[in-house]
Amino acid sequence: MKNTRFIYKSISVLMLTGISFGAASCNDSNLEDVKNTGTFDTDNYFKNEEQSFSGLIAVYDMLRKYSGGFENEVTFFNAASDDFYSGGGSSTDGAGIQGFSNYTINAVIMPPSYWKDYYQGIAKANLLLERIPNADMNDQKRKRFIAEAKVLRSLYYFELVRIFGNIPMILKPIQFNEDYYNIKQEDPKVIYNQIETDILTSINDLPVSIPPANKAETGRITQGSARAILGKIYLYDKKYALAAEQLQMVNGIPGQVNQYGYQLVQNFADLWQVSNKFTTESILEVMHTNTGNSVWDFWGQGKDEGNSINVMLGIISYGRNTNIPNNDAPSIYSGWGFNPVTDDLFNFMQNDPRLDATIFNAKKLKAENKIVYSPGYKDSGYFLNKYLPRTSDVTTGGGNAELNFQQNYIAIRLADTYLMEAEALGGSGARAQALLDAVRARVGLASIPVSLQAIKDERRRELAGEGHRWFDLVRWGDAPSKLAFKGFKANKNEILPIPFNELPNTALKQNPGY
């Protein structure tokens, strides 16, 4: 019997539970073609702009993989870096995250969602791109929808290729037949060339930017965000001159407002305020609200809403000592204790102005008898403050509180693109110096001579805990030395194993070493 879990599930089913663009939504009238068949009839959909927009929202929906669900990308890749341990309640709390953290991960415990979810996003994009040319709608909007879908599809392919390395490339809807099971993996260079071309040819069909007052479109792909994604992809593809070219257009004059309206926020700590969404520094941001009213019944079924990073990083059994007068310890929602900070990162960030906004020193507060908490697995006493769930942010709406946190996740921000451009420039020259200086000046740090090592150190401090460190180490070739203490093996652990259930009865080959 053929394995129907290969690549992604429900290719012919368009899921319409999507992210929110202000007032944009999918109502029951959009689903009139779903009769009593129990399936979604895509042949009779995508007839007009409204239906096409619903399909586009479904493509955007997979951005939630960065920060939604137990297998969100941020906590998973944090755990494998030198800055964090796996944490959790015990050494068996989440086989995948524990196995990745100590590099015993294999195809059986590799979370399958990293493969399936991104391919679901690609399937939705492919279906929209095939059907939208025949939809009754304005041509300018049609071109914009197509451009957005291609950029998102490229982003999902980028995540797949940098996680797994050897993946199939599918650019059209496919059916479950014999040909389907014979799809082979593509050379990563071919993947990179395809997604780079798709973004480059889409940029002019996107709006230059979206005015802050236009709440209905906040968060959608623009020329600025598309160039940032493309510049990042070029950097990983080692096309440094092209990366620097795209990122320079995104960054403009370091420290000033650029052509897309991006500018570093003045106060670094403001980036982590839950109510401070879509700042001038935000380039690609994943929207979270509590309107999903999620409950445990839907957990793990692709319907969990909210920033799951929050509850995962929350400190186990946290409480404030009310017997201490004028206790200044914050009120934090008790969570699951994942991603405790390593002593190495804590020591590395000493005397840096970003320390307190980045790391919560529970060890100190506990020693002062201001708080109590239960140490989880690999507890260090230090926690990632950027995403700690405050009790003041707990939803007052429906659903389970721990599944409905509202903190947005910024997947790409301006300080990140500054440092990526400086890296693409080889860590030398006046512009690379200005880019590094701007990141440091924002937090009151003096200029230091630019170099690749200075850029690496700045990325570690500036972006700590945001899910970038592991990918940075692999891209730089530093992972074997930096992660040796965790068990990282060179020429193996730079990519992850393809989940076991995707392999039987297919043409797929497992990655080397797994």
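Residues numbered from 1 in each chain as written. Predicted model: local features only at pLDDT ≥ 70, side-chain atom pairs only at ≥ 80, totals over all residues. Heavy atoms only, no water.

Undergrad: What is the right way to look at the packing of helix 14 (residues 414–424) against helix 16 (residues 452–462) in this model?
TA: Any two packed helices are characterised by how steeply their axes cross, that is the angle between the axes, and by the distance between the axes. Where helix 14 contacts helix 16, the axes come no closer than 10 Å and their chain directions differ by 165 degrees. Between helix 14 and helix 16, the angle is such that the two are roughly antiparallel. Crossing geometry of helix 14 relative to helix 16 is assigned as left-handed. Contacts between helix 14 and helix 16 involve Ala415, Asp416, Leu419, Met420, Ala422 and Glu423 from the first element and Leu452, Ile455, Glu458, Arg459 and Glu462 from the second. Looking at side-chain class alone, the contact of helix 14 with helix 16 contains six nonpolar, no polar and five charged residues. (Axes fitted to C-alpha atoms, helices over the stretch in contact; angles between N-to-C directions. Helix = DSSP H or I, 4+ residues; strand = E, 2+ residues; numbered from the N terminus. Parallel < 35°, antiparallel > 145°, perpendicular 65-115°, else oblique. Left-handed = near helix turned anticlockwise from the far one by under 90°. Contact = heavy atoms within 4.5 Å. Nonpolar A, V, L, I, M, F, W, Y, C, P; charged D, E, K, R; others polar.)

Undergrad: Help me understand the packing of helix 7 (residues 188–200) against helix 8 (residues 223–236), please; the structure alone is not making it clear to me.
TA: Across the interface, helix 7 lies against helix 8 with an axial gap of 10 Å and an inter-helix angle of 155 degrees. Comparing their axes, helix 8 and helix 7 come out roughly antiparallel. For the crossing formed where helix 7 meets helix 8, the hand is left-handed. Contact residues: Tyr192, Ile195, Glu196, Ile199 and Leu200 in helix 7; Ala226, Ile229, Leu230, Ile233, Tyr234 and Tyr236 in helix 8.

Undergrad: I would appreciate a short explanation of the pattern of salt bridges in the present structure.
TA: Two side chains with opposite charge may pair up if their charged atoms get near one another. For the structure on display, the rule yields 41 salt bridges. Between aspartate 344 and arginine 460 there is a salt bridge; the shortest N-O distance is 2.7 Å. Taken together, the residues aspartate 344 in helix 11 (residues 343–348) and arginine 460 in helix 16 connect sequence positions 116 residues apart. You can call aspartate 344 partly exposed: its relative accessible area is 45%. Note that arginine 440 and glutamate 458 form a salt bridge whose closest N and O atoms lie 3.0 Å from each other. Residue arginine 440 is located in helix 15 (residues 430–442), and its partner glutamate 458 is located in helix 16; the two are separated by 18 residues in the primary sequence. Neither residue differs from the other here; arginine 440 and glutamate 458 are each classed as buried. One connected set of salt bridges, linked through shared partners, spans Glu281, Asp352, Arg354, Lys386, Arg413, Arg440, Arg442, Glu458, Arg461, Glu462 and Glu466. (Salt bridge = Lys/Arg side-chain N within 4 Å of Asp/Glu carboxyl O. Buried < 20%, exposed > 50% of the residue type's maximum accessible area, 1.4 Å probe, protein only.)

Undergrad: How do you make sense of the packing of aromatic side chains when you look at a structure like this?
TA: Two descriptors summarise a pair of aromatic rings, namely the distance from one centre to the other and the angle between the planes of the rings. Inspection of the entire model under this criterion finds 32 aromatic pairs. Seen in terms of ring centroids, phenylalanine 77 and phenylalanine 100 are 5.4 Å apart; in terms of plane orientation they differ by 90 degrees. Their pairing is edge-to-face. Of this pair, phenylalanine 77 sits in helix 2 (residues 73–79) while phenylalanine 100 sits in helix 3 (residues 95–101); the two residues are 23 residues apart in sequence, bridging distant segments of the chain. Site record: aromatic cluster; members linked through ring pairs are Phe76, Phe77, Phe100, Tyr103, Tyr114, Trp470, Phe471 and Phe488. Here arginine 461 stacks its cationic end above the ring of phenylalanine 348, 3.9 Å away from the centre of that ring. (Phe/Tyr/Trp six-rings, centres within 6.5 Å; stacked < 30°, edge-to-face > 60°. Lys NZ or Arg CZ within 6 Å of the ring centre and 35° of its normal.)

Worth remembering: the numbers are spatial, not functional.
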